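Residues per chain are reported as follows:
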Amino acid sequence: MAKFSIDYSQDIDTVYRFMTDPDAIKKRSEALGEQNIRVQVNEAGGTKTITATRDVESDLPGFAKKLFKSTNTIVERLEWRDTGEKKTCKSHIDVVGTPGKIDSNITISPNGSGCTYDVEFEVSVKVPLIRRKLEEFVAKTTLKGIRDQHKYNQQELNAAQAN
């Protein structure tokens, strides 16, 4: 299971509002070069469910080109809950039309006057013979995407805080 953690200087509620705002999600996706972005938000029974669909272009290694297109549709479903002091999320990412998926657990927790965003994710690809190689490639690509997203998030949140 891969892990990523980042500290934000903003409090947990500010980061949570930003992470779950459909306009902020769309702007971030556009800034990262994603296309055909659609974001839906539903709230019921204490759960805020965000479904973000977008087309993502990838630079694929040769062994993956027969299974994946260079542009794939990603459907990400995030189920956020407020568990008192923390915000938690179960996330599922489906790469439409491929044998790959990513499941993750996310926690935003207080850290001094700011907060810490932690994500653990697992990639699974159902392809015999090259499964492990594909999972390593997808995990590496996913981790880069998470870092890029949070770099953007920090810039936007810091800019809003400065105003």
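Before reading further, recall that the structure is shown in the block above.
Residues numbered from 1 in each chain as written. Predicted model: local features only at pLDDT ≥ 70, side-chain atom pairs only at ≥ 80, totals over all residues. Heavy atoms only, no water.

Engineer: Before we move on, could you go through the overall build of the chain and cite the residues and values that matter?
Structural biologist: The number of helices and strands found in the chain is three helices and seven strands. When the helices and strands of the chain are read in sequence order from the N terminus, they spell out β-α-α-β-β-β-β-β-β-α. With respect to the principal axes defined by its C-alpha atoms, the chain has extents near 50 × 30 × 30 Å. Burial statistics for the chain: of 163 residues in total, 40% are counted as buried. (Helix = DSSP H or I, 4+ residues; strand = E, 2+ residues; numbered from the N terminus. Buried < 20%, exposed > 50% of the residue type's maximum accessible area, 1.4 Å probe, protein only.)

Engineer: So what's going on with the environment of Y8? Residues and values would help.
Structural biologist: As for its placement among the helices and strands, Y8 is situated in strand β1 (residues 2-8). Y8 gets classed as buried once you look at its relative accessible area, which sits at 3%. Those residues in contact with Y8 that sit more than four places away from it in its chain are V15, M19, G114, C115, Y117, H150, N153, Q154 and L157. Within the structure, Y8 has its side chain in polar contact with the side chain of H150 (distance 2.4 Å). (Contact = heavy atoms within 4.5 Å. Polar contact = N/O pair within 3.5 Å; in protein donor to acceptor, adjacent residues only side chain to side chain.)

Engineer: Mind laying out the pairing of strand β3 (residues 47-57), listing which residues take part and the relevant values?
Structural biologist: Taking burial as the measure, the 11 residues of β3 include nine buried ones, the bulk of the element. As judged from the eight bridges shared by strand β2 (residues 35-44) and β3, these two strands associate in the antiparallel manner. Of the residues in β3, the one forming a bridge with R38 is T53. Counting the residues in the hairpin turn of β2 and β3 gives two residues, including G45, whose phi is positive at 55 degrees. For β3 and strand β4 (residues 71-82), the ladder comprises 11 bridges, and the chain directions are antiparallel. (Pairing = 2+ DSSP bridges.)

Engineer: Account for the packing of aromatic side chains, naming residues and giving values.
Structural biologist: Following the criterion strictly, the structure yields one aromatic pair and no others. Centre to centre, the rings of Y16 and W80 are 5.6 Å apart; their planes meet at 80 degrees, and the pair counts as edge-to-face. Of the two residues, Y16 sits in helix α1 (residues 12-19) while W80 sits in strand β4, which places them 64 residues apart along the sequence. For the pair shown, Y16 and W80 are each scored as buried. Here K87 stacks its cationic end above the ring of Y16, 4.9 Å away from the centre of that ring. (Phe/Tyr/Trp six-rings, centres within 6.5 Å; stacked < 30°, edge-to-face > 60°. Lys NZ or Arg CZ within 6 Å of the ring centre and 35° of its normal.)

Engineer: Account for the nonpolar core, with residues named and values stated.
Structural biologist: Ranked by internal contacts, the top residues of the largest apolar core, which has 38 residues, are Y8, V15, W80, I106, I108 and Y117. Broken down by element, the residue count for this core peaks at seven residues, all from helix α3 (residues 131-162). (Core = buried A, V, L, I, M, F, W, Y, C linked by side-chain atoms within 4.5 Å.)

Engineer: For the pattern of salt bridges, give the residues involved together with the corresponding values.
Structural biologist: Using the criterion set out here, one finds nine salt bridges in the structure. Across the salt bridge formed by D13 and K87, the nearest N and O atoms sit 3.4 Å from each other. Of this pair, D13 sits in helix α1 while K87 sits in strand β5 (residues 87-95), and the two are 74 residues apart along the sequence. Judged by relative accessible area, D13 falls into the partly exposed class, the value being 37%. Given a relative accessible area of 7%, K87 falls into the buried group. The closest approach of N and O atoms between R77 and E79, which form a salt bridge, is 2.9 Å. (Salt bridge = Lys/Arg side-chain N within 4 Å of Asp/Glu carboxyl O.)

From the geometry alone we can't say anything about function, so treat these as descriptive.
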